[in-house]
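A look at the structure
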Amino acid sequence: MRTSETVTDLGLYTSECCSEKVIFDVGDSFRRCPKCHALCIWEFEDEVVDPEEVKRESGVAA
Ligand SMILES: [Zn+2]
């Protein structure tokens, strides 16, 4: 998936250039990479089913 395409699967995506993780929802458009602001390829990483899981994913817990 690349920047400006429409999201067809809710999930966690990773930008190919910087490995930035972003959650996109169905019907959204893929953004530019939040880190380098370039047009980028988004790799589907993980399904998002539980909103609580989203919070954990975006936290800094390691
Ligand atoms: Zn980037």
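Notes on the structure in this doc start here. Owing to the predicted nature of the structure, the values given are computational and were not obtained by experimental measurement.

Some thoughts on the packing of aromatic side chains
- Scanning the model with the defined rule gives 5 aromatic pairs in all.
- Seen from their ring centres, Phe-24 and Trp-42 are 5.0 Å apart, and the 80° between their planes marks the pair as edge-to-face. Within this pair, whereas Phe-24 is found in strand β2 (residues 21–24), its partner Trp-42 is found in strand β3 (residues 42–47), the two being separated by 18 residues in sequence.
- A residue is classified by how much of its surface remains accessible, and Trp-42, at 1% relative accessible area, is buried.
- A connected cluster of aromatic rings, assembled from ring pairs, spans Tyr-13, Phe-24, Phe-30, Trp-42 and Phe-44.

Some thoughts on the pattern of salt bridges
- Taken as a whole and assessed by the stated rule, the structure comprises 1 salt bridge.
- We note a salt bridge from Lys-35 to Glu-20, for which the minimum N-O separation is 3.9 Å. Here Glu-20 lies in the loop between β1 (11–15) and β2 and Lys-35 lies in the loop between β2 and β3, a separation of 15 residues in the sequence.
- A relative accessible area of 24% means that Glu-20 is categorised as partly exposed.

How each quantity is defined
Residues numbered from 1 in each chain as written. Predicted model: local features only at pLDDT ≥ 70, side-chain atom pairs only at ≥ 80, totals over all residues. Heavy atoms only, no water. Phe/Tyr/Trp six-rings, centres within 6.5 Å; stacked < 30°, edge-to-face > 60°. Helix = DSSP H or I, 4+ residues; strand = E, 2+ residues; numbered from the N terminus. Buried < 20%, exposed > 50% of the residue type's maximum accessible area, 1.4 Å probe, protein only. Salt bridge = Lys/Arg side-chain N within 4 Å of Asp/Glu carboxyl O.

Worth remembering: the numbers are spatial, not functional.
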